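Architecture at a glance
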Amino acid sequence: MLNVVIAGVGGQGSVLASKILATAAQSKGWKVRTAETIGMAQRGGSVTSHVRIASEGEEVHAPLVPRGRADLVIALEPGEGVRACPFLAPDGLLVSSNVVVPAVTANLAGRTYAAAPMVEYLRETAAHFELVDVRGICRQVGSSKVANVVMLAAAVAASARTGFGLGDAIAPEEFEDALHVCVKPRFIDLNLAASAAAM
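So, how was this worked out
- Residues numbered from 1 in each chain as written.
- Predicted model: local features only at pLDDT ≥ 70, side-chain atom pairs only at ≥ 80, totals over all residues.
- Heavy atoms only, no water.
- Core = buried A, V, L, I, M, F, W, Y, C linked by side-chain atoms within 4.5 Å.
- Buried < 20%, exposed > 50% of the residue type's maximum accessible area, 1.4 Å probe, protein only.
- Helix = DSSP H or I, 4+ residues; strand = E, 2+ residues; numbered from the N terminus.
- Pairing = 2+ DSSP bridges.
- Axes fitted to C-alpha atoms, helices over the stretch in contact; angles between N-to-C directions.
- Contact = heavy atoms within 4.5 Å.
- Parallel < 35°, antiparallel > 145°, perpendicular 65-115°, else oblique.
- Left-handed = near helix turned anticlockwise from the far one by under 90°.
- Nonpolar A, V, L, I, M, F, W, Y, C, P; charged D, E, K, R; others polar.

Focus on the nonpolar core
- One finds Ile20, Ile74, Val150, Ile170 and Phe175 to be the most contacted residues of the largest nonpolar core, which totals 46 residues.
- Sorting elements by how many residues they give to this core places helix 6 (residues 147-162) first, with nine residues.
- Listed in part, the 14 residues of the second largest apolar core include Val73, Cys85, Leu122 and Ala126.

Right, here's the structure in full:
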């Protein structure tokens, strides 16, 4: 069983990211269950997506990842990564964006925060940690709207490179095939470029 938690802020595309990952896993014949907290997704609040993959033929009876059992946590935003840390398994991989996207509650209160302390906390907390230069990769491909795909592709690549997280469960070609299924045709080239740049 592979357990993945994707944490972000509404509008960052965590739901699409979980759909892409689930599609890639299902293409291998594996059973997958997903769940999202989407009530705040359109309001800029915290959004957490759970993806549970039966990679060894077992059944997936529940869609929510238990605390301390996530093989991989993908933080689309560092502060939300800190919030998701309790889900991370002791030997889990945490892949975080370096770009701060404050939740709407922080914006309304006029509060901001620096990414550096959050990133440092993630680095110290996770057994295995990767920081992704999302802004740089998005600038390279010409759009910030593919940050979710950048993060997901980076997590797939980091998993294969380190042997933690997803390990080599999802190959780059399977990831690209899932993009073709989940992304609207007019955006597919941009998303494929983002994936290639992040891997």
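Picking up where we left off.
Let's talk about the sheet that holds strand 2 (residues 31-36)
- Ordered in space as 2-3-1-4-5-6, the six strands form an open sheet in which the pairing is mixed. Both outer strands of the open sheet, strand 2 and strand 6 (128-132), are each paired with one neighbouring strand and no more. On average, each strand axis in the sheet is inclined to that of its neighbour by 15°, with strand direction left out of account.
- Summarising the sheet, strand 5 (residues 88-97) and strand 6 pair through five bridges and their orientation is parallel. Bridge pairing links Ser96 to Leu131 in strand 6.
- Along the sheet, helix 1 (residues 14-26) makes contact with strand 1 (2-9), strand 2 and strand 3 (46-54), crossing strand 3 at roughly 5°.

With respect to the packing of helix 1 against helix 7 (residues 172-182)
- In contact at an axis separation of 8 Å, helix 1 and helix 7 are set at 120° when each is read in the N-to-C sense. By the angle class used here, helix 1 and helix 7 are oblique. Helix 1 and helix 7 meet at a crossing whose hand is right-handed. Residues Leu16, Lys19, Ile20, Thr23 and Ala24 of helix 1 lie in contact with helix 7, whose contacting residues are Glu174, Phe175, Ala178, Leu179, Val181 and Cys182.
- Of the residues that constitute the contact of helix 1 with helix 7, the class distribution is eight nonpolar, one polar and two charged.

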